[in-house]
Amino acid sequence: MSGLSLIFCVLPLSALLSAQQMLLPGSCNFELDTCGYTSEPAYGSWSMNEDGHLLTVESALLDDQEKAVLVSPVLDQRDWSCVRLVYQITGQGSLHLHIRPDSDNFDYHLWTANKASDSWLIASVDLRNTTIPYQILLEGRPERGPENSVAIFEIHIVPGYCIECNFEEHHLCGYSNSWNPNVNWYVGGIVARESDLPENHTNYNQRGHYMYVDSVYAKHFQEVAKLTSPMTSVPMEGCLSFYYDRDQERGNIFSIFTRDQLGQYDEIWRPEGYVTLDWTLASIDIKAPHPLEVVFEVAFNSPRGGYVAIDDISFSPHFCYTNTEPTVDPAIANCDFEGGLCLYYQERAEDKVWNRVSVKPNIYRIGDHTTGTGCFLLANIQLLSRAGYVGRLHGPFLPGNHKYCLRFFYILHGFKKVDNDLAVYIYDENNVAQEKVWSLAETARGVWMEVELTYMKPMLTKVVFVTICRNFWECGLVAIDDITVGLGDCQISPGPLPGHCDFESGMCGYTQDQREDKADWLRVRGHTPTSFTGPRGDHTTGVGYFMYIEASLMRPGHKARLLTSNLRGSSSHQCLIFFFHMYGTGTGILSVLLRHGSSDQDTLLWRKRGEQSVSWMRGTVSYHCDKRHQIIFEAIRGPSLRSDIAIDDIHFKRGPCEDVGEVIPYSGFSEYFNEIEK
């Protein structure tokens with residue numbers, strides 16, 4: 001960012017705040033003390049500069065620690081607020097902002113920065129309204145090496161949304177100008193007033209401020225100036241309002257866009273007239289289910305293209321216009337087929353190709369993807385009176401002009417060819433196919449595979465799953481399960497959720513127990529090396545990673561333990577959900593245990609013995625612990641090499657489990673015993 005008006009000067013924000021702006025608890029300029037912020041004892045320490053004004057964490061002072069975590073006092077702010085953070089990363093490192101809700105095991109990530117700079121930078125992070133007290137965590141991670149550090153200059157928490165701004169403060173609320181050699185956004189309304197530019201809108205005097213862009217230095221056709229808001233950090237929707245003043249002599253184009261994390265633009269507004277006589281109010285209904293920026297863009301055709309000024313940007317959680325369609329809920333198209341077909345249907349009842357079935361746990365046929373014992377849809381010729389068929393499964397209609405992310409799982413058995421086994425089409429409201437968005441290519445059989453599709457159409461549409469079988473000899477079985485539809489591009493990921501681990505990017509903080517076990521859990525992808533034991537692929541996507549014990553590397557009775565990181569404890573019940581795979585004639589024991597920080601004994605929460613199924617099975621455990629603790633996954637090798645045990649897709653959620661698995665009450669003494677002879 002460059003330009004005269006958008007270079008950030010290192011002045012305390014407290015000196016720049018307008019009289020109307022109120023600072024909320026949790027704000028601190030670190031002039032005299034840390035305002036109740038403390039370093040988390042389990043990690044490195046933040047240190048205050050000798051002259052005050054800033055906190056730093058330096059790699060040279062972290063010793064063996066990887067990070068330092070700064071924790072705010074407990075905050076009880078129920079309305080929407082905005083954290084404005086002044087920080088600097090020197091060398092290599094990163095800074096992360098988390099929220100720690102009261103009585104929750106996990107911290108929730110909101111924002112990350114990892115780019116070094118030679119000056120102070122401003123970050124704006126939204127804190128949505130909540131009834132639960134919380135703390136703010138700032139995690140500094142300077143990488144190993146000389147002169148790598150992370151520093152915090154000021155933390156200000158103000159009411160309202162980060163996207164709001166009246167430009168009266170020098171930090172400009174985190175809005176940034178995209179530097180152009182000839183045309184840029186500048187701060188207007190200063191005492192030395194610019195030619196015929198307007199007074200500011202906020203208080204209509206020459207000492208107020210606004211943002212403007214002028215064509216006087218434009219040298220090329222379509223010279224563009226962009227002013228970009230901070231990136232939203234939580235889902236939001238409502239009315240974006242602002243005032244603008246526009247003068248056009250020979251031509252300028254004033255537009256407003258949204259830009260997502262992939263850099264994709266979507267135009268949401270243009271003014272109706274070319275010239276305004278005074279400040280004019282504009283209102284736009286905006287929907288941001290995923291992080292995005294608002295971009296104010298002006299393009300000039302010549303040096304006589306006039307100017308555009310904006311001021312007093314505000315946001316309301318209510319739409320500007322009563323005829324604005326409510327936010328689309330694509331979840332109506334979700335279905336795991338456990339309770340029926342949901343809103344899916346077939347064209348003709350007499351030609352049912354897709355059938356809802358379930359498979360009991362066994363060692364021959366894989367069950368559903370949802371739980372391993374539930375229902376899924378299966379298309380096969382054995383249920384039909386003729387040799388060939390075309391089966392179409394229609395989904396519910398969804399509104400147009402929205403980008404949707406469709407995900408589902410499929411599995412194949414016995415097809416000799418895969419050309420027409422399964423395809424996905426988009427149909428319009430007249431039942432006409434608009435596009436074939438996916439078709440099956442050659443793929444592994446006998447494992448649930450995930451498909452992700454992004455699509456967008458201007459009209460009302462529905463998803464249709466199509467399977468074609470031309471003759472008896474070429475057709476086998478094709479099944480689908482766990483259909484979900486969300487708003488936005490599939491490439492835009494919400495990031496790792498706290499307490500969730502699918503092992504795709506690593507171990508998620510899980511560690512091996514070096515104290516008691518004689519083997520380790522292994523992180524792998526694909527099928528395990530020993531035949532007739534272990535999964536053929538992971539549960540998450542079919543081609544990803546999972547954790548397992550390799551029986552050929554262990555002796556009978558040897559155990560491997562995988563531990564979570566330290567969990568803080570919660571005043572409410574917790575539900576642990578995970579998927580396990582226990583297939584093989586010599587399969588041993590899989591247990592889930594609870595380890596208290598102050599107890600020498602581990603509490604048994606859940607246990608399975610012996611071969612269970614060739615499928616991934618869902619396990620659920622409800623438990624309550626209000627102290628620091630760890631959850632342990634313990635696998636014990638059985639009497640033969642066919643004793644691989646695997647786990648995947650672990651996650652915790654608040655509240656008791658809806659479908660409680662095998663719960664074993666704790667009686668006060670160790671209930672663990674080894675039933676396998678060594």
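The sections below set out a description of the structure shown in this document.

Details of the overall build of the protein
Of regular secondary structure, the protein possesses zero helices and 41 strands. When burial is assessed residue by residue, the protein has 55% of its 678 residues classed as buried. Of all intrachain contacts in the protein linking residues separated by at least 6 positions in sequence, the fraction that spans at least 24 positions is 80%. Within the structure as shown, the protein displays about 31000 Å² of accessible surface, and the carbon and sulfur contribution to it stands at 50%.

Comments concerning the pattern of salt bridges
Enumeration according to the criterion identifies 19 salt bridges in this entry. Here R654 makes a salt bridge to D104, at a shortest N to O gap of 2.7 Å. Placement of the pair is R654 in strand β41 (residues 645-654) and D104 in the loop between β6 (93-101) and β7 (108-113), with a sequence separation of 550 residues. The class for R654 is partly exposed, based on a relative accessible area of 40%.

Quick look at the pairing of strand β34 (residues 545-549)
Within β34, four of the five residues are buried, which leaves the element mostly enclosed by the surrounding structure. Sheet topology note: the strand β33 (residues 522-525)/β34 ladder contains four bridges and is antiparallel. Directly across from V524, in β34, lies its bridge partner F546. Across three bridges, β34 lies against β41 in antiparallel orientation. Pairing of I549 across the sheet is with I645, part of β41.

A closer look at the sheet that holds strand β16 (residues 252-260)
Strand order in the open sheet formed by five strands is β11-β14-β19-β16-β17, and the pairing between neighbours is antiparallel. Edge strands, defined here as strands with exactly one partner in the open sheet, are β11 (176-178) and β17 (265-269). Strand-to-strand twist of the sheet, defined as the mean angle between neighbouring strand axes without regard to direction, takes the value 30°. Judged from the nine bridges that link them, β16 and strand β19 (residues 292-300) form a sheet pairing that is antiparallel. Within β19, the residue paired with S255 across the bridge is E297.

As for the side chain of Q346
On the secondary structure map, Q346 appears in strand β21 (residues 345-346). Separated by 3.0 Å, the side chain of Q346 and the backbone nitrogen of V353 make a polar contact. A distance of 2.6 Å separates a polar side-chain atom of Q346 from the backbone oxygen of W354.

Remarks on the environment of F580
Its place among the elements puts F580 in strand β36 (residues 574-582). Given the relative accessible area of 3%, F580 is considered buried. Sequence separation between F580 and I650 is 70 residues; the distance between their C-alpha atoms is 9.5 Å. With residues up to four places along the chain from it excluded, the contact list for F580 reads L590, W606, K608, Q612, S615, W616, M617, R618, G619, A646 and I647.

The rules behind the values
Residues numbered from 1 in each chain as written. Predicted model: local features only at pLDDT ≥ 70, side-chain atom pairs only at ≥ 80, totals over all residues. Heavy atoms only, no water. Helix = DSSP H or I, 4+ residues; strand = E, 2+ residues; numbered from the N terminus. Buried < 20%, exposed > 50% of the residue type's maximum accessible area, 1.4 Å probe, protein only. Contact = heavy atoms within 4.5 Å. Areas by Shrake-Rupley, 256 points an atom, 1.4 Å probe, with all protein chains shown as cover. Salt bridge = Lys/Arg side-chain N within 4 Å of Asp/Glu carboxyl O. Pairing = 2+ DSSP bridges. Axes fitted to C-alpha atoms, helices over the stretch in contact; angles between N-to-C directions. Polar contact = N/O pair within 3.5 Å; in protein donor to acceptor, adjacent residues only side chain to side chain.

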